[in-house]
Amino acid sequence: MSISENLSAILSEIEVAATAVQREASAVRLVAVSKTKPHAMVQAAADAGQLDFGENRVQELVEKAEAFPQLRWHMIGGLQRNKVKYIASFIHLIHSVDSERLLAEINKQGGKHNRQISCLLQLNISSEDQKGGFTEEAAAKILQEIDAFPHVQIKGLMGMAEFTDDSSVIQSQFNRLRMAAEAFRQYEGDRISMDELSMGMSGDFPIAIAEGATLVRVGSAIFGGR
Ligand SMILES: *Cc1c(COP(=O)(O)O)cnc(C)c1O
């Protein structure tokens, strides 16, 4: 299968999953995760009409964004504070904000570039120690302190389900993210909205869509295994 065939297959699966729960397929955006894959594959996906791309390492993200400035680049992986400066000028959305110190640095770099940087708060919905992310309580605290971060826009939440074959476990973890977003609607305002839910990868994006995902991050199902 070619990249363009894979992309159309994923887009139809998105449509099927959305329709099954009476959602519009247009309410779900596909972020093509191109990490470790060559520029030629990004080009092929872009030629097929794909606009949003995700990367999890800063250096690779910067290289690809320089090669393809017309595309929207999403940071989806663990982000070190000392590397925020390399992506602050162009990043479309940082999905993986997992500490207040990171948010403070993003705010600082947003100020330097005279822009508001769009962010999602990552929640640890599987409660596995190795997965980053805030607890609901810690995320709520950040949202109440948003005035301290004038150069960021919080657009919603991101989460990763546990790696398991048990779809009911996956579904309940995605449901936890959705419920957190609902609870956080009370903090919505000028620079906080809970409109975006980034959840679901190649193995579980239909479940995520059933639970309200607006951004699905799909890599291997488009570009092949890594
Ligand atoms: C790699 C990665 C993905 C995509 O994973 P696939 O299983 O290849 O679809 C999604 N989200 C994050 C945070 C990732 O690091």
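As a reminder, the structure under discussion sits directly above these lines.
Because the structure is a prediction, the values reported are computed rather than measured. (Residues numbered from 1 in each chain as written. Predicted model: local features only at pLDDT ≥ 70, side-chain atom pairs only at ≥ 80, totals over all residues. Heavy atoms only, no water.)

**Side note on the overall build of the chain**
Cut-off, in case you're wondering: Numbering of helices and strands runs from the N terminus, with a helix taken as a DSSP run of H or I at least four residues long and a strand as a DSSP run of E at least two residues long. We compute the radius of gyration from the C-alpha atoms alone; for a globule the expected value is 2.2 Å times N to the 0.38, where N is the number of residues. It only takes one pair of heavy atoms within 4.5 Å for two residues to be counted as in contact. The accessible surface values rely on the Shrake-Rupley method and a 1.4 Å probe; as for residues, cover is taken only from the protein chains in view. Here Asp and Glu are counted as negative and Lys and Arg as positive; His is not counted, and neither are the chain ends. In this description, the location of a charge corresponds to atom NZ of lysine, CZ of arginine, CG of aspartate or CD of glutamate.
What the chain contains, in helices and strands, is nine helices and eight strands. Computed over the C-alpha atoms, the radius of gyration of the chain is 17 Å, within 12% of the 17 Å expected from 2.2 N^0.38 for a compact globule of 226 residues. Long-range contacts, defined as pairs at least 24 residues apart, comprise 59% of the intrachain contacts of the chain with a sequence gap of at least 6. Here the chain displays about 10,400 Å² of accessible surface, and carbon together with sulfur accounts for 48% of that area. In the chain, which carries 23 positive and 29 negative side-chain charges, the distance between the mean positions of the two groups comes to 7 Å.

**Here's the deal with the nonpolar core**
Note that soluble globular proteins tend to have their nonpolar side chains buried in a common cluster. Rules: Among the buried residues, those of types Ala, Val, Leu, Ile, Met, Phe, Trp, Tyr and Cys that are joined through side-chain atoms within 4.5 Å form a nonpolar core. To sort residues, take the accessible area from a 1.4 Å probe on protein chains only and compare it with the maximum for the residue type: under 20% means buried, over 50% means exposed, and anything in between is partly exposed.
Ranked by internal contacts, the top residues of the largest apolar core, which has 66 residues, are Ile-94 and Leu-157. Residue contacts for Leu-157: discarding those within four places in its chain leaves Leu-120, Leu-121, Leu-123, Leu-177, Ala-180, Ala-181, Phe-184, Met-194, Glu-196, Leu-197 and Ser-198. Counting five residues, the second-largest nonpolar core is a separate cluster that includes Val-31, Leu-93, Met-158 and Leu-215.

**With respect to the packing of helix α6 (residues 136-144) against helix α7 (residues 167-184)**
Basically, it comes down to this: Between N-to-C directions, angles cover 0 to 180 degrees, with each direction set by a line fitted to C-alpha atoms, over the stretch in contact for helices. Relative orientations are named as follows: roughly parallel for angles under 35 degrees, roughly antiparallel for angles over 145 degrees, roughly perpendicular for angles from 65 to 115 degrees, and oblique for any other angle. By convention, the crossing between two helices is left-handed when the near helix turns anticlockwise from the far helix through less than a right angle, and right-handed when the turn is clockwise. Think of it as three bins: nonpolar holds Ala, Val, Leu, Ile, Met, Phe, Trp, Tyr, Cys and Pro, charged holds Asp, Glu, Lys and Arg, and polar takes everything else, Gly as well.
Where α6 meets α7, the closest approach of the two axes is 11 Å, and the angle between their N-to-C directions is 30°. Comparing their axes, α7 and α6 come out roughly parallel. Once α6 is placed against α7, the crossing between them reads as right-handed. In this structure, α6 contributes Glu-136, Ala-139, Ala-140 and Leu-143 to the contact, and α7 contributes Arg-176, Ala-180 and Phe-184. For the contact of α6 with α7, the per-class residue count stands at five nonpolar, no polar and two charged.

**Examining the site of the ligand**
Here is the rule we go by: Think of it this way: one heavy atom of a residue within 4 Å of a molecule or strand is enough to make that residue near it. By the criterion applied in these results, polar contacts are pairs of N or O atoms within 3.5 Å in which, for protein atoms, one can donate a hydrogen and the other can accept it, and in which residues neighboring in sequence qualify only through two side-chain atoms. Lining residues are those with an atom within 4 Å of a point, where the points come from a 1 Å grid over the protein atoms alone and group into cavities, where a 1.4 Å probe fits but cannot get out, or pockets, open sets with protein on both sides within 12 Å along at least five of seven lines. Criterion for pocket placement: a molecule counts as inside a cavity or pocket if more than half of its atoms are within 2 Å of its grid points.
Every residue close to the ligand is listed here: Val-33, Lys-35, Ile-76, Met-160, Met-201, Ser-202, Arg-217, Val-218, Gly-219, Ser-220 and Arg-226. Between the ligand and Lys-35 there is a distance of 2.7 Å, counted from an oxygen atom to a side-chain nitrogen or oxygen. Side-chain polar atom of Arg-217 to a nitrogen atom of the ligand: 2.9 Å apart, as the coordinates give it. Protein chains bury 89% of the 390 Å² of accessible surface belonging to the ligand in isolation. Among the cavities detected, the one that contains the ligand is the largest pocket.

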